[in-house]
Amino acid sequence: MNTRAWIVFLDESGVSLLPRIRRAYSPRGRTPLLRHRLNRKRASMAGALGYHSADPRRGARLCCHLKPGSYDTPGLIEVLEQMKVFYRGERVVLVRDGLSAH
């Protein structure tokens, strides 16, 4: 059986929007004070990278989705619905990371 399909790797990740502080300065013997408005904002992104299994001339496809906050099951379903439009009429084999949260 010769099935020609896109092999798509999907993964999501979250990032903090707080700045990373590498070093601080203070006079010798005094603890440095770092001031920042701790707003704890987060952003999440999902990415899908697809390769065609039978025709390498078709090239790779990259889909990205950005969202404020964190992904939950309805948010990932929205990502999959948008991927469905992107790969309309094509066969797709989806490979996930196996995270049990969703």
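For every chain, the first residue of the written sequence is number 1, and numbering continues from 1 onward in sequence order. Whole-chain, interface and lining totals are the exception, using all residues; otherwise, since this is a predicted model, local features are given only for residues with pLDDT of at least 70 and side-chain atom pairs are given and counted only at 80 or more. As a rule here, side-chain values cover all heavy atoms of the structure and leave hydrogens and water aside.

Quick notes on helix α1 (residues 73-86)
In DSSP terms, a helix is any run of H or I states spanning at least four residues, a strand is any run of E spanning at least two, and both are numbered starting from the N terminus. Helices are assigned an expected span. That span is 1.5 Å times one less than the residue count. Here α1 spans 20 Å end to end across 14 residues, near enough to the 20 Å set by a 1.5 Å rise per residue. Among the residues making up α1, those that are buried are Gly75, Leu76, Val79 and Met83. For α1, the arc enclosing every buried residue in end-on projection is 95 degrees, short of the 170-degree limit, so these residues lie on one face. Of the residues in α1, the exposed ones pointing more than 90 degrees away from the buried face are Pro74 and Lys84. Contacts made by the buried residues of α1 are with β1 (6-16), β2 (42-52), β3 (61-68) and β4 (92-95). Here a polar contact means two N or O atoms within 3.5 Å. Within protein one must be a hydrogen donor candidate and the other an acceptor candidate, and residues neighboring in sequence count only if both atoms are side-chain atoms. The backbone nitrogen of Gly75 lies 3.1 Å from a side-chain oxygen of the residue at the head of α1, namely Asp72. A 1.4 Å probe rolled over the protein chains alone gives each residue an accessible area, and that area as a share of the maximum for its type sets the label: buried under 20%, exposed over 50%, partly exposed in between. This arc corresponds to the set of directions leading from the helix axis out to the C-beta atoms. We call two residues in contact whenever any of their non-hydrogen atoms come within 4.5 Å of each other.

A short note on the pairing of β1
Here β1 pairs with β2 via eleven bridges, running antiparallel. Along β2, the bridge assignment pairs Ser13 with Met45. The criterion for strand pairing is that DSSP finds at least two bridges linking the strands in question. Sheet topology places β1 next to β4; four bridges connect them, and they run parallel. For Ile7, the partnering residue across the bridge sits in β4 and is Val93.

Overview of the packing of aromatic side chains
Paired rings are identified among Phe, Tyr and Trp, the last through its six-membered ring, by centres lying within 6.5 Å, and are further divided according to the angle between planes into stacked (under 30 degrees), edge-to-face (over 60) and tilted (the rest). Under the defined criterion, the tally for this structure stands at two aromatic pairs. Summarising the aromatic geometry, the rings of Phe86 and Tyr87 are spaced 5.3 Å apart at their centres and angled 85 degrees between planes, so their arrangement reads as edge-to-face. Tyr87 sits in the buried class, given a relative accessible area of 3%. Taken together, the ring pairs in this structure connect Trp6, Phe86 and Tyr87 into an aromatic cluster.

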